[in-house]
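Chain residues, written in single-letter form:
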Amino acid sequence: MFLTDLADKLRDYTAPDGSKLTIIETAGWKLRGYAGQGMEGVEGVLWHHTATAEAAYARSNAPTLNILINGHSFLPGPLCQLGLARDGSVYVVAAGLCNHAGTGSASGLYRNVGNSYFIGIEMESSGVRDDWTEAQRRVMPHLGAALELGYGKGKDFIQIGHKEYSDQGKIDPAYIDMDSLRLAINDLLYGGTTHVAPAAQNAAPAPGFQTAVGDNESAPHWVVTPGDTLAKVARYYFGSSSAEDVKKLADYNGLKDPNRLAVGQRIFIPGPLVWTVEPGDSWEKIATYYGYSVEAVKDRNPGKCLTPGTVLTLWKAGER
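Enquirer: Can you help me understand empty space enclosed by the protein in this one?
Expert: Overall, the coordinates contain 1 cavity of 30 Å³ or more when judged by the stated rule. Roughly 40 Å³ of volume is contained in the largest cavity. Lining of the largest cavity is provided by A62, L65, L68, G83, L84, A85, Y91, E122 and E124. Taken together, the elements giving at least two residues each to the lining of the largest cavity come down to α2 (65–70) and β5 (82–84). Across the lining of the largest cavity, the residue classes break down as 6 nonpolar, 1 polar and 2 charged.

So, in C-alpha cells, the structure goes:
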C-alpha cells in the first residue's frame, strides 16, 4: 500500500488550541517507495533523528532532505515517509516503503520488518547533544497524534523510538524521552493539555556501548543486504578486495568471523575516506557517490580544485 493520503491526514489534524501542522509536500512523494514497493500496513510510527552535522543548520532548515529522499551510497532512499525540519515544518517524503528501521522488534513483534509496518519520521538533530528546537519539541506530540488519529483507529497504535526497536544499540531519537512523548501524544488524543515533548532523563547511550566509530551514524558505513561480503564492501570503498583490505574492515568493526554478516548490520569504514580526482570528475559526482552534499565536500577541502591527481578528504575519524 502507498499512503497517498498522508499529507491529507496530517492537514486534517487540528490542535486543541486551533493550530495546524505546517505540511510541505516534496515533488513526486506519492509515487516514491524503495524499489517501487509499498508498505504492508500501518501499525505505528518509528521515530528517528538524522545525525545532521550542526554546521549544516546555518545553510538549511532541513539540510538532510535530499538524502532522506534519495538515500546515499550505502543505503538507497527513500529513508522515511516524513521529515521534521528545524522550524517544525513537516516534509512529506514518500508514500511507500522506506529504509529506516533496520533490524529489531517492537516487544518481540514486527521483527526485522519495521520498514513494512511503521511510518518513519526523521527529525533534524545532530544526536550529539540536546539541540532540539522549541518548534520541534512543540510539534512532535501533535505529529504523533495526527498519525495515530489518521491510521490508528480501532487498533493498538505503536509509537516507538528507533532506540527501542533496534537490536543494534541505536540511540535515536537522542535526548527525547519516549515514555514522555507517548504521554504527551495521549494527552492530545484524550483531552489533555501537554503540548511539548519533554527532554529525556534517560536517553543517553547505554553505558559501555560503542561502535568502532563511537556511535557516529554520519560516518561512512555499509548496510548489509543478502549476499553481501566484506570483500564486496572493500571493493566498493577501497577499489580492492585484497585480504589486507578485508582484514582492515574486519578489525575495525570487531568482527570475529569476517565470513558471517547479518542482514541489516552496519559495516563502518576506517577513515580517512579520500577521493583522488580523475579527468571528468565533478563536485556533484564525488559528493553523490558517497552520499554527501556538494557543500560538505567543498567545506572539507577549502582551496582545492578538481585538477586530476588532487586528493580530496570526504571524511575522517572524529567528524560528525
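The structure having been displayed, the exposition proceeds.
Enquirer: What is the right way to look at unusual backbone geometry in this model?
Expert: With glycine set apart, most residues show a phi of negative sign, and most peptide bonds adopt trans. Of note, the bond from G77 into P78 is cis; its omega dihedral lies within 30 degrees of zero at 0 degrees. Tracing the sequence through the fold places P78 in the loop between β4 (75–76) and β5. One non-glycine residue, A51, lies in the positive phi region at around 60 degrees. The residue A51 is located in the loop between β2 (44–49) and α2 in this model. For A51, a relative accessible area of 18% gives the class buried. For S107, which is not a glycine, the phi torsion comes out positive at approximately 50 degrees. Relative to the helices and strands, S107 resides in the loop between β6 (90–92) and α3 (114–117). Look at S107 and you get exposed, because its relative accessible area is 81%.

Enquirer: Would you take a moment to explain the packing of helix α7 (residues 230–238) against helix α8 (residues 243–252) for this structure?
Expert: Any two packed helices are characterised by the angle at which their axes cross and by the distance between the axes. Where α7 contacts α8, the axes come no closer than 9 Å and their chain directions differ by 105 degrees. By the angle between their directions, the pair α7 and α8 is classed as roughly perpendicular. Along the contact surface, α7 presents L230, A231, V233, A234 and F238, while α8 presents D245, V246, K248, L249 and A250. Here the contact of α7 with α8 is built from residues that sort into 8 nonpolar, no polar and 2 charged.

Enquirer: Quick question: what am I supposed to make of the environment of M1 here?
Expert: On the secondary structure map, M1 appears in the segment before α1 (6–12). Using a relative accessible area of 47% as the deciding quantity, one classes M1 as partly exposed. For the pair formed by M1 and G41, sequence separation is 40 residues and the distance between their alpha carbons is 6.8 Å. In this view, M1 contacts G38, M39, E40, G41, V42 and A95; residues no more than four positions away in its chain are not counted.

What counts as what
Residues numbered from 1 in each chain as written. Predicted model: local features only at pLDDT ≥ 70, side-chain atom pairs only at ≥ 80, totals over all residues. Heavy atoms only, no water. 1 Å grid on protein atoms, 1.4 Å probe; cavity = no way out; pocket = protein on both sides within 12 Å on 5 of 7 lines; lining within 4 Å. Points joined across faces, edges and corners; volume = space filled by probe spheres on them. Helix = DSSP H or I, 4+ residues; strand = E, 2+ residues; numbered from the N terminus. Nonpolar A, V, L, I, M, F, W, Y, C, P; charged D, E, K, R; others polar. Buried < 20%, exposed > 50% of the residue type's maximum accessible area, 1.4 Å probe, protein only. Axes fitted to C-alpha atoms, helices over the stretch in contact; angles between N-to-C directions. Parallel < 35°, antiparallel > 145°, perpendicular 65-115°, else oblique. Contact = heavy atoms within 4.5 Å.

Remember, this is a structural readout, not a statement about activity or role.
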